[in-house]
There are 2 protein chains.
Amino acid sequence: MTKALLAALLVAAAAPALSQQAPAPPPVPVPPQIERLRDAALSDDYAWDIVEGLTTEVGPRLAGTEAEARARDWSVRKLRALGFANVRVEPFDMPVWVRGEEKAWITAPFPQPIVVSALGNSGATPPQGIEAELVGFDTIDQLIAAPDAAVRGKIVFVSHAMPRTQDGSGYGVFGRARREGPSIASRKGALAIVVRSIGTDYHRNPHTGVMSFAEGVTPIPAGALPLPDAEQVQRILKRGQPVRMRLVMTPRQIGTRQSGNVIAEVPGRDPNAPMLLVSGHLDSWDLGTGAIDDASGVAIAAASAKRIMDAGRPLRTIRIVWFGAEEPGLFGARAYRAAHGKDPYYAIAESDFGADRIWKVDSRLGKDREAEAKMLQRALNPLGIVPGALDEAEGSDISVLLADGIPGVGLSQDGTHYFDLHHTPDDTLDKVDPEALRQNVAAWTTMLAVLSGGIEPHPNRRKRR
Amino acid sequence: MTKALLAALLVAAAAPALSQQAPAPPPVPVPPQIERLRDAALSDDYAWDIVEGLTTEVGPRLAGTEAEARARDWSVRKLRALGFANVRVEPFDMPVWVRGEEKAWITAPFPQPIVVSALGNSGATPPQGIEAELVGFDTIDQLIAAPDAAVRGKIVFVSHAMPRTQDGSGYGVFGRARREGPSIASRKGALAIVVRSIGTDYHRNPHTGVMSFAEGVTPIPAGALPLPDAEQVQRILKRGQPVRMRLVMTPRQIGTRQSGNVIAEVPGRDPNAPMLLVSGHLDSWDLGTGAIDDASGVAIAAASAKRIMDAGRPLRTIRIVWFGAEEPGLFGARAYRAAHGKDPYYAIAESDFGADRIWKVDSRLGKDREAEAKMLQRALNPLGIVPGALDEAEGSDISVLLADGIPGVGLSQDGTHYFDLHHTPDDTLDKVDPEALRQNVAAWTTMLAVLSGGIEPHPNRRKRR
């Protein structure tokens, strides 16, 4: 038995004694309307239709490119066809980086090709590439501790392995190799850096992702190796002979381009009631078709709002935001905050952790709304969802609004397999399990129903049979 | 219950009645020496050492290239270091095809990149590529039935899906799209052909493999799409609008080059006794490091021979052959047959179906050696190996010798996951399970021990403790 489990059981056993002063009132039952909406959503097809359509008819949609612009056009058509109100694009400008050629070889002592992809904002080699000694570090801290002389004029390799977790909590600390490594290596005079992909799968697909060179630091080529290649390089380094790598990597910063947020609404009965915001991001990395990151997210957000709209009119307006340019650094989120940060929100939420089942619900609705938060937990429980924290919520784009203190809900997807696909060519439609997607829509529909202020059935629509 | 299972049970139930005439003699027990060798091989490290070394220190080794030559040098050093006798390379010439650039895009109606790799012997596009309408066929027979006018000037796509099987039996019939499709498409005037990879995994890694244009047929570019891409193209075609593809594929035939077979021996006590031949192939496709195809095969063959050699002197010579140039079309096998087809063989065997566990033993030793074949089945049974046919044996390179009527043994590896990796970039060391590899070595060691004619322990070596 784990200590945590033991502690939980002890607390449970002690609970009756502790609460002897006043018996807790029985919990308010979940209204049948909410249960019906939740259970009906388990047959949802709206979300699959959006994921299939966006990934097939647009495909990859790198922020700031014409592909992302086509995705916005597609989205406006789709959201209008679904019957949402106030469908629009809110454009903004952003700096755009695009991938070029990317090839790598070990040239000595055992010549062979190695798979590599550039990290977002990577610098470039000359077209003919560079060749230099490769110096390996087991962790980012080892690189930090290394004297400049050990790195200067060389290509740096950081091999730190991120473990598999359900909640994705390894991404923060192990992702440092990708996010901080390039600046550290450049400051020490390295010619380039390659890191073990921040991922958990053993396929020859690198995990890209954004990095930014710190102020004043010269951009150098920065790439990610798939796990099989990273471990191959480690084995070669362990032989103890000097290792040389050739690297061709020619991405470019192409200047300022337009991106945009796509917004749609389900108008509430009370235009003055603070609204609900549900979201995901429309852009994807260029290597895959962004099926799990984040076509599924925008689909889940819109499908759940659509299911509420089909059922009747909620008291509160539900606003759907499909953010642009999340991947290169929350450009859409910041533009949205500048335009709408002061709008009144009852709660905000984002789906951006794949398409696997929701396993936990966190929320941060405030002390005075604890009964509502607990109702939400109870309503989600039949979907196999664990009650989580009452003082937490998260989301990538919405983090800038949560930081302003706006109430939020976090419906946590199971991330056990997320980093097998995240930011790789393998992020494609076949990785989305339609049943898991439906469970997500059911959870989001439930959340909207609980927080909607009540849904008034359409008066002019008869129930069929 | 399946019909096959029911039939098997009925036969088993009927057996006592059928054999009432004469009770079968009790089977000859498996000699303890063989059981000891078998069980000790379950701790084998020789095979892993070879697979790890060859894939790390050489990497990909396309037939006829300098990489395959480096692999031969590596092999001679390794086989000598292991103490084998008569270690040598037997060179031969062969035509060599090498990969160039390979890129593809759907250009209409939904522009997006598609992953592709050229099939071995594919023709080339001009450097700037070609662009044409894409015409899809669900099966190779549909392509055959299509009028030339439906194909002429277009790019052909065949989407037939190979099912997953344990014995790999789908490869023959479903592989027709790869092997025959290019010639059929070229005859009908197609500009190029792309096929759904002959594979079972959903990663963005195409499955290459050899094809040959029929006599007099103009070579056209011929490529394989990974399953996610093939299904994406199918979805796009199903939208019903004309679909256009751009294809850049620039492989080359570079003329005649040298390859070679690497041969080593465990000399038998009786130089006149027909020998045992164990084999695999040294070359690999260029996309991966050929860990399962076929570094594992050469490793299993050599490791089992080494274990016999460590135990003592077999009556029969054991010859190890690491064939060159299997992938482009059995060039090493044919050169070997020309030089050694008339040598006396007691049995031949090849490991070339991955690195998963042996699940079945077939053999074709002849009617007069049925007792020996059944002893082999009994000796392998504790390893979880099913007794198979007594009139069958197979192997890719050794097929040319089996066709001459030479006796053979087929130790069948479980192929359930083989076509997830076969001929892809994903064929790398991390896919080899050391425990499954050891079970292979145990099975092969057992086979050699049963057929060796008896192993005489080394007289001058004392047992330690």
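Residues numbered from 1 in each chain as written. Chains lettered and ligands numbered in written order. Predicted model: local features only at pLDDT ≥ 70, side-chain atom pairs only at ≥ 80, totals over all residues. Heavy atoms only, no water.

## Concerning the overall build of chain A
From N to C terminus, chain A includes 14 helices and 18 strands. Relative to the globule expectation of 23 Å for 465 residues, the C-alpha radius of gyration of chain A, 24 Å, shows essentially globular dimensions. For chain A, the proportion of its 465 residues judged to be buried stands at 58%. A fraction of 84% describes how many contacts in chain A between residues 6 or more apart in sequence connect residues 24 or more apart. For chain A, the accessible area works out to roughly 18,800 Å², and carbon and sulfur atoms hold 55% of it. Across chain A, the centroid of the 52 positively charged side chains sits 1 Å from that of the 55 negatively charged ones. (Helix = DSSP H or I, 4+ residues; strand = E, 2+ residues; numbered from the N terminus. Rg over C-alpha atoms; globule rule 2.2 N^0.38 Å. Buried < 20%, exposed > 50% of the residue type's maximum accessible area, 1.4 Å probe, protein only. Contact = heavy atoms within 4.5 Å. Areas by Shrake-Rupley, 256 points an atom, 1.4 Å probe, with all protein chains shown as cover. Lys, Arg positive; Asp, Glu negative; His and termini not counted. Charge placed at Lys NZ, Arg CZ, Asp CG, Glu CD.)

## Let's talk about the sheet that holds strand S3 (residues 112–114) of chain A
All names here are of chain A. Read from one edge to the other, the open sheet built from eight strands follows the order S3-S2-S9-S5-S6-S7-S8-S4, with strand pairing classed as mixed. Two strands lie at the open edges of the sheet, namely S3 and strand S4 (117–118), each paired on one side alone. One ladder, built from four bridges, connects strand S5 (residues 130–137) with strand S6 (residues 155–158); its direction is parallel. Counterpart to Val 135 in the pairing with S6 is Val 156. (Pairing = 2+ DSSP bridges.)

## A few points about the relation of the copies chain A and chain B
Least-squares fitting of chain A to chain B yields an RMSD of 0.0 Å, with the transformation described by 0.0 Å of translation along the axis and a rotation of 180 degrees. With respect to symmetry, the two chain copies, as superposed, fit the operation of a two-fold axis. Rotation axis and chain A: the residue whose C-alpha lies nearest the axis is His 203 of chain A, separated from it by 3.8 Å. Of the interface residues in chain A, 100% have counterparts in chain B that sit at the interface too, so the contact is made through matching surfaces. (Least-squares fit on C-alpha atoms with pLDDT ≥ 70 in both.)

## Some words on the packing of aromatic side chains
Note on aromatic pairs: each is described by the distance of the centres and the angle between the planes. Residue and element names in this part refer to chain A. Taken as a whole and assessed by the stated rule, the structure comprises 12 aromatic pairs over all chains. On the basis of an interplanar angle of 35 degrees and a centroid distance of 4.9 Å, the ring pair of Tyr 171 and Phe 419 is categorised as tilted. Pair noted here: Tyr 171 is in helix H6 (residues 170–174) and Phe 419 is in the loop between strand S17 (408–413) and helix H14 (434–451), with a separation of 248 residues, a long-range link. Both residues of the pair, Tyr 171 and Phe 419, count as buried. Measuring from ring centre to ring centre gives 6.0 Å for Phe 353 and Phe 419, while their planes differ by 65 degrees; the resulting arrangement is edge-to-face. A residue pair is termed long-range when its members are at least 10 positions apart, and Phe 353 in the loop between strand S14 (345–350) and strand S15 (358–364) and Phe 419 in the loop between S17 and H14 qualify at 66 residues. (Phe/Tyr/Trp six-rings, centres within 6.5 Å; stacked < 30°, edge-to-face > 60°.)

## Some thoughts on the pattern of salt bridges
Inspection of the entire model under this criterion finds 64 salt bridges over all chains. Here the salt bridges do not stand alone but share partners, grouping Arg 88, Glu 90, Glu 265, Arg 319 and Asp 343 of chain A into one network. (Salt bridge = Lys/Arg side-chain N within 4 Å of Asp/Glu carboxyl O.)

## Notes on the sheet that holds strand S9 (residues 244–249) of chain B
Each strand in a sheet pairs with its neighbour through backbone hydrogen bonds, running either in the same direction (parallel) or in the opposite one (antiparallel). Residue and element names in this part refer to chain B. If you walk across this open sheet you meet the eight strands as S3-S2-S9-S5-S6-S7-S8-S4, and the pairing is mixed. Of all the strands in the sheet, just strand S3 (112–114) and strand S4 (117–118) have a single pairing partner and so form its edges. Of the strand pairs in this sheet, S4 and strand S8 (residues 222–225) are connected by two bridges, and their pairing is antiparallel. Across the sheet, residue Ala 118 finds its bridge partner in S8, namely Gly 223.

## A word on the interface of chain A and chain B
Between chain A and chain B, the contact holds 33 residues from the first and 33 residues from the second. Broken down residue by residue, the surface that chain A buries against chain B is led by Thr 56, Arg 204 and Arg 239 of chain A, which jointly contribute 22%. At the boundary of chain A with chain B, the tally comes to six salt bridges. Summed over the shared surface of chain A and chain B, the number is 25 residue pairs in polar contact (both at pLDDT 80 or more). Put simply, the parts of the chain that give the side of chain A that touches chain B at least two residues each are helix H3 (46–57), S3 and helix H9 (227–238) of chain A. In terms of residue count, H3 of chain A provides more of the side of chain A that touches chain B than any other element does, five residues in total. (Buried area = accessible area lost by both parts, 1.4 Å probe. Polar contact = N/O pair within 3.5 Å; in protein donor to acceptor, adjacent residues only side chain to side chain.)

## A word on the packing of helix H2 (residues 32–40) of chain A against H14 of chain A
Packed helices, taken two at a time, are described by the angle their axes make and the gap between the axes. All names here are of chain A. The N-to-C vectors of H2 and H14 enclose an angle of 160 degrees; their axes lie 8 Å apart at closest approach. Of the possible angle classes, the one that applies to H2 and H14 is roughly antiparallel. The chirality of how H2 crosses H14 is right-handed. Between H2 and H14, the residues in contact are Ile 34, Leu 37 and Arg 38 and Ala 442, Thr 445, Thr 446, Ala 449 and Val 450, respectively. Here the contact of H2 with H14 is built from residues that sort into five nonpolar, two polar and one charged. (Axes fitted to C-alpha atoms, helices over the stretch in contact; angles between N-to-C directions. Parallel < 35°, antiparallel > 145°, perpendicular 65-115°, else oblique. Left-handed = near helix turned anticlockwise from the far one by under 90°. Nonpolar A, V, L, I, M, F, W, Y, C, P; charged D, E, K, R; others polar.)

## Some remarks on H9 of chain A
Note that an α-helix has 3.6 residues per turn; residues three or four places apart therefore point the same way. Residue and element names in this part refer to chain A. Relative to the 16 Å expected for 12 residues at 1.5 Å per residue, H9 spans 16 Å between its end C-alpha atoms, a close match to the ideal helical length. Among the 12 residues of H9, nine are classified as buried, and the element is accordingly described as predominantly covered. Every buried residue of H9 is listed here: Leu 227, Pro 228, Asp 229, Ala 230, Glu 231, Gln 232, Val 233, Arg 235 and Ile 236. Gly 240 occupies a position one or two residues after H9 and carries a positive phi of about 90 degrees. (Expected span 1.5 Å × (residues − 1).)

## Some points on the pairing of strand S6 (residues 155–158) of chain B
Residue and element names in this part refer to chain B. Of the two faces of S6, the one carrying Ile 155 and Phe 157 and the one carrying Val 156 and Val 158 are both buried. Here S6 runs beside strand S7 (residues 192–196); their pairing, made up of four bridges, is parallel. Residue pairing for S7: Val 156 is matched across the bridge by Ile 193.

## Quick notes on the environment of Gly 453 of chain A
Along the chain, Gly 453 of chain A turns up in the loop between H14 and strand S18 (455–457). Each C-alpha atom, one on Gly 453 of chain A and one on Ala 41 of chain A, is 19 Å from the other, the two residues being 412 residues apart in sequence.

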